[in-house]
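What the coordinates show
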Amino acid sequence: MTDDFEQMWRDLLPLGRSASSGGYFRQPWTAPEREARAWFVEQAEARGLAVERDGLGNLVAWWGTGRTDAVLTGSHLDSVLDGGAYDGPLGVVSALAAVDVLRGRGFEPRRPVAVGAFVEEEGSRFGLACLGSRLLTGATSWETARVLRDREGLALEDALADEGLDGSRGTWLDGVATFVELHVEQGRDLVDRDEAVGVASAIWPHGRYRFDFAGEANHAGTTRMEDRRDPMLSYAMTALAANKQARVSGQRATFGRVDVRPNGTNAVPSHVTAWLDARAESSTALEQLLADVERQAQERAGRDGTSLTVTAESVSPEVAFDPALAARIAEPHRWPVIPTMAGHDAGVLSAAGVPTAMLFVRNPTGVSHSPDEHAETADCLAGVTALADTLALLSGGEQ
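As the structure is a computational prediction, the values presented were derived from the model and not from experiment.

Some points on the nonpolar core
Grouped together as the largest cluster of nonpolar side chains are 56 residues, with contacts concentrated most on Phe5, Trp39, Phe40, Leu90 and Leu359. Counting residues per element, this core draws most heavily on helix H3 (residues 89–104), which supplies ten residues. Setting aside residues up to four positions removed in sequence, Phe40 forms contacts with Leu59, Ala61, Leu77, Val92, Leu96, Val115 and Ala117.

Structural data, given as structure tokens:
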């Protein structure tokens, strides 16, 4: 098992990695992510698994006969901008390694086992998180998705056409009875518990909101401060307000992306667009957090002579994973059951009615979405064993 996992990890590690930062730029339907998908196909076929690809680029590899009542595992291969190595790929590599472990035990599944790799989970190119799984489950329509545009203005429909894809969704999910996603923990809960592996209980509700501040472009030197209609000031106060409101309420709020026009050093900007990532312990708390931030932003815009429009680009409700399934997986090993504040494809499948569970692997620093994201090899191998045990339990096979 060690050799299989570590060799796969070494093969995947260079793909899309920045030589300067050490982070990853595996945006969907680009060369690095394309290479990662080709790696998946190669690894699956080397194991004799039957690979299917839909018109979006979602991949699934089948072990066992039939396509119904299946147990699906896997994750995603794309990354955030300058992201870490483990977020997503650990679940894919571990799934393939778990198949190796079970075969090494002489295990034969009674129910088919499938390993999946979803596209555009991070939303780093077209702005909608879990896009591949959302389209696959029908949570997002093709008519809505096809017109999404990346930062260069390219529509999703055209980006897929450049890849030889037509946007059609696969039907293989119709035969899936259970989904289990392994993921590096994006926090320190397991570190605090001194546990290598945990099971998810729920995903916090979360959303992405676009704040458009409009003002008036003007000369940075000749325009008196009191005569300005500066949207940058309105945005700056809003970023501080989001931080304060989240801290006071115990929630999460982050402005991580900003677009400024005309973006000149010696000009008062005419327009600032900023994207807020907000997460909370309940849908009510999320709505209240957004309302508080927007209220302060509008008040400031009124003082600055600017205007503000807020658009919800993506909102995901709370996902409570199947508690009976989580208990069935966790109790024999006494693994802790913990919540997560991060979104996952598992949340989309769960919301679509697929009984779903998640396994977490300890992250020694809790850092994620960063080149410093890390997990120790021993913990990763513990995760592979945990996933193999879980697949054996759920697929009802013999050894």
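Comments concerning the pattern of salt bridges
A full pass over the atoms with the stated rule returns 23 salt bridges. For Arg105, the salt bridge goes to Asp389, with nearest N and O atoms at 2.8 Å. In this pair, Arg105 sits in the loop between H3 and strand E4 (113–118) while Asp389 sits in helix H12 (residues 377–395), placing the two residues 284 residues apart along the sequence. Here Glu143 and Arg146 are joined by a salt bridge, their closest N and O atoms 3.8 Å apart.

Topic: the pairing of strand E14 (residues 337–340)
Within a regular strand, side chains alternate between the sheet's two faces. Side-chain alternation along E14 places Ile338 and Thr340 on a buried face and Val337 and Pro339 on a face that remains uncovered. Summarising the sheet, strand E6 (residues 197–203) and E14 pair through three bridges and their orientation is parallel. Bridged to Val199 within E14 is Val337.

Description of helix H9 (residues 283–304)
Across its 22 residues, H9 extends 31 Å between first and last C-alpha, which sits within 8% of the 32 Å expected from 1.5 Å per residue. Looking at the buried side of H9, the elements it contacts are strand E7 (206–214), helix H8 (231–249), strand E9 (252–261), strand E11 (271–279) and strand E12 (307–316). Just past H9, the residue Gly305 takes up positive phi, approximately 75°.

What counts and what doesn't
- The residue count restarts for each chain, going from 1 along the sequence in the order it is written.
- The predicted nature of this model means local features are confined to residues of pLDDT at least 70 and side-chain atom pairs, given and counted, to a pLDDT of 80 or more, with totals for whole chains, interfaces and linings taken over all residues.
- The basis for every side-chain value is the complete set of non-hydrogen atoms in the structure, without hydrogens or water.
- For our purposes a nonpolar core is just a set of buried Ala, Val, Leu, Ile, Met, Phe, Trp, Tyr and Cys residues, chained together by side-chain atoms within 4.5 Å.
- Three labels apply to residues, based on accessible area from a 1.4 Å probe with only protein chains included: buried if under 20% of the type maximum, exposed if over 50%, partly exposed otherwise in between.
- In this description a helix means any DSSP run of H or I spanning at least four residues, a strand means any run of E spanning at least two, and both kinds are numbered starting from the N terminus.
- Note on contacts: a residue pair is in contact if any heavy atoms of the two residues lie within 4.5 Å.
- Should a side-chain nitrogen of Lys or Arg be within 4 Å of a carboxyl oxygen of Asp or Glu, the pair is scored as a salt bridge.
- Any two strands are treated as partners once DSSP identifies two or more bridges connecting them.
- Working rule for helices: expected span equals 1.5 Å times residues minus one.

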